[in-house]
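Descriptive analysis of the structure
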Amino acid sequence: MSSTPPPFLLCTSTYISDSPVRSLACAKGWVHVGNQQPPFLVSVNLNTKERIDYPTLPVSNQVTAVLPIISNDNTTLLIGSLDNNIYKVDTSTQTSVGVYPGHQHGVISLCLSSTSPNEFFSGSWDGTCRRWSLDPPELLDTLQGHTNGVSVRHHACGSLVTSDTGSAEPGTSKLRVWNLDADGRYVVAQELVPHSGPIRGLCLPNAVDVRCPVVTCGNDGQVTFVDVNAGGDTRGVIDRVQTDATYLLDVDCFGTSGGCCAGNVDGSLLILESSSCSQSILHPGTVWCVSGQGHDVVTGCHDGVVRSFTRDAGRVAGEE
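Report follows, based on the coordinates. (Residues numbered from 1 in each chain as written. Predicted model: local features only at pLDDT ≥ 70, side-chain atom pairs only at ≥ 80, totals over all residues. Heavy atoms only, no water.)

Here the focus is the packing of aromatic side chains. The description of an aromatic ring pair rests on the distance of the ring centres and on the angle between the ring planes. Per the stated rule, a full pass over the model turns up five aromatic pairs. Judged by centre distance (5.1 Å) and plane angle (90°), the ring pair of Y100 and F120 falls under edge-to-face. In this pair, Y100 sits in strand β9 (residues 95-100) while F120 sits in strand β11 (residues 119-124), placing the two residues 20 residues apart along the sequence. Residue Y100 shares its accessibility class with F120, and that shared class is buried. The structure contains a cluster of three or more aromatic residues connected by ring pairs, namely Y100, F120 and W132. The ring of W288 carries the charged tip of R22 above its face, separated from the ring centre by 3.7 Å. (Phe/Tyr/Trp six-rings, centres within 6.5 Å; stacked < 30°, edge-to-face > 60°. Helix = DSSP H or I, 4+ residues; strand = E, 2+ residues; numbered from the N terminus. Buried < 20%, exposed > 50% of the residue type's maximum accessible area, 1.4 Å probe, protein only. Lys NZ or Arg CZ within 6 Å of the ring centre and 35° of its normal.)

The subject of this paragraph is the environment of P117. Examined against the element boundaries, P117 turns out to sit in the loop between β10 (107-112) and β11. P117 sits in the exposed class, given a relative accessible area of 73%. For P117 and A262, which are 145 residues apart along the polypeptide, the C-alpha to C-alpha distance reads 28 Å.

A separate point is the pattern of salt bridges. A complete count under the given rule lists 10 salt bridges for this structure. For the salt bridge of R51 with D53, the shortest nitrogen-to-oxygen distance reads 3.0 Å. Given a relative accessible area of 35%, R51 falls into the partly exposed group. A relative accessible area of 32% places D53 in the partly exposed class. A salt bridge links D141 to R185, with the nearest nitrogen and oxygen atoms 2.7 Å apart. Placement of the pair is D141 in strand β13 (residues 138-143) and R185 in the loop between β16 (175-180) and β17 (186-192), with a sequence separation of 44 residues. (Salt bridge = Lys/Arg side-chain N within 4 Å of Asp/Glu carboxyl O.)

With respect to topology, four strands assemble into an open sheet ordered β14-β15-β16-β17, the strand pairing being antiparallel. Looking at the sheet topology across the chains shown, the edges are occupied by β14 (150-154) and β17. Across the sheet, the mean angle separating the axes of adjacent strands is 25° when strand polarity is ignored. (Pairing = 2+ DSSP bridges. Axes fitted to C-alpha atoms, helices over the stretch in contact; angles between N-to-C directions.)

Let us look at the sheet that holds strand β25 (residues 276-282). Spatially, the four strands line up as an open sheet ordered β22-β23-β24-β25, and their pairing is antiparallel. This sheet does not close on itself; its edge strands, each paired only once, are β22 (248-254) and β25. Taking each pair of neighbouring strands and ignoring which way they run, the sheet shows an average axis angle of 20°. Two elements, strand β24 (residues 268-273) and β25, share six bridges in a ladder whose sense is antiparallel. When the bridges of β25 are listed, S268 appears paired with L282.

Here P20 is to be found in the loop between β1 (9-15) and β2 (21-27). The class of P20 is buried, set by a relative accessible area of 9%. Expressed as a C-alpha distance, the spacing of P20 and Q104, which sit 84 residues apart in the sequence, is 24 Å. For P20, the contacting residues outside a window of four places in its chain are G34, N35, Q36, W288, C301, H302 and G304. (Contact = heavy atoms within 4.5 Å.)

It is worth spelling out the pairing of β16 at this point. Note that strand β15 (residues 160-164) and β16 share four bridges and pair antiparallel. Considered in β16, the bridge of V161 is made with V177. As paired strands, β16 and β17 are joined by six bridges and run antiparallel to one another. Within the sheet, the bridge partner assigned to V177 lies in β17 and is Q190. Where β16 hands over to β17, the hairpin turn is made up of five residues, of which G184 adopts a positive phi near 80°.

Turning next to the side chain of T299. Its location among the elements puts T299 in strand β27 (residues 296-301). With relative accessibility at 0%, the residue T299 sits in the buried group. In terms of polar contacts, T299 uses its side chain to reach the side chain of H283, at 2.9 Å. Once you skip the residues sitting within four places of it in the chain, T299 turns out to touch L24, L269, H283, V287, C289, V290, V305, V306, R307 and F309. (Polar contact = N/O pair within 3.5 Å; in protein donor to acceptor, adjacent residues only side chain to side chain.)

Now for unusual backbone geometry. Look at the link from P38 to P39: it is a cis peptide, with omega at 0°. Relative to the elements of secondary structure, P39 occurs in the loop between β3 (30-35) and β4 (41-45). In this structure, the amide linkage connecting D135 to the following residue, P136, adopts the cis form with an omega of 0°. Here P136 is to be found in the loop between β12 (129-133) and β13. In the Ramachandran plot, K28 falls in the positive-phi region, its phi being about 55° despite a non-glycine side chain. Tracing the chain through its elements places K28 in the loop between β2 and β3. We note that K49 has phi near 70°; this positive angle belongs to a residue other than glycine.

Put into structure tokens, the structure is as follows:
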């Protein structure tokens, strides 16, 4: 019999600003935070509390997507903003070292290619996914056909996975699987409707395994696990967890055993394991974004605070 894992407890709590935390990404012990109001970008070491600000960035609106790129000992960030641009940021100099213009509305999602190290993808409220060359900055392709906000992930099997928030009409929020054609361009291979309302979050499990499902969350309060790698009619939802949440805004995976965390508009972090919600952790405001950091979980909240949670009893900070 498998034992029940211990609950997640608060490990660290870091004030970022008076502005809601709208995006975050973790890498090598750091959390990189996008804010609704200035300062639009902040990096914090979760262990030492060292903080990096970026006062000279040419960003003119909130940062809604952050993507760390690790090269040797240096970390570069790609950040997407509601000013419609993507910026490349050097964390060592705290400066912008490149810009990727082209989207017509705010950029809300970024991911690296799992097969081409110099490529990345972006999703925007303009209803497009765009494929880019990292260096030199160059737009390679624009993938149309989405409705409203687009999220992007590149699967280990080589497929690009996108979701959109759809329109007010039922069934318009779709998950799409894109494969490369003979000309090296991504074309739609499959369209799925895993939620009854808008899809708000999209993630991939931490394990680099072509058999891993795609995980989504939505305004229907559900988290779904979708098989995008099987062929033919077997593609589709393989598991579905209905939570008590009004809307789920973001989802990510933690650890290596299939655990997921989700942020709730009502102000809680949900832990999902073994096809059920195993824990709900109350926050003082909307949990806009979540990120798995190894076996820990990190949240960005409406109160401008980043919190990390752990099951390691030796690192628990206690109640706030």
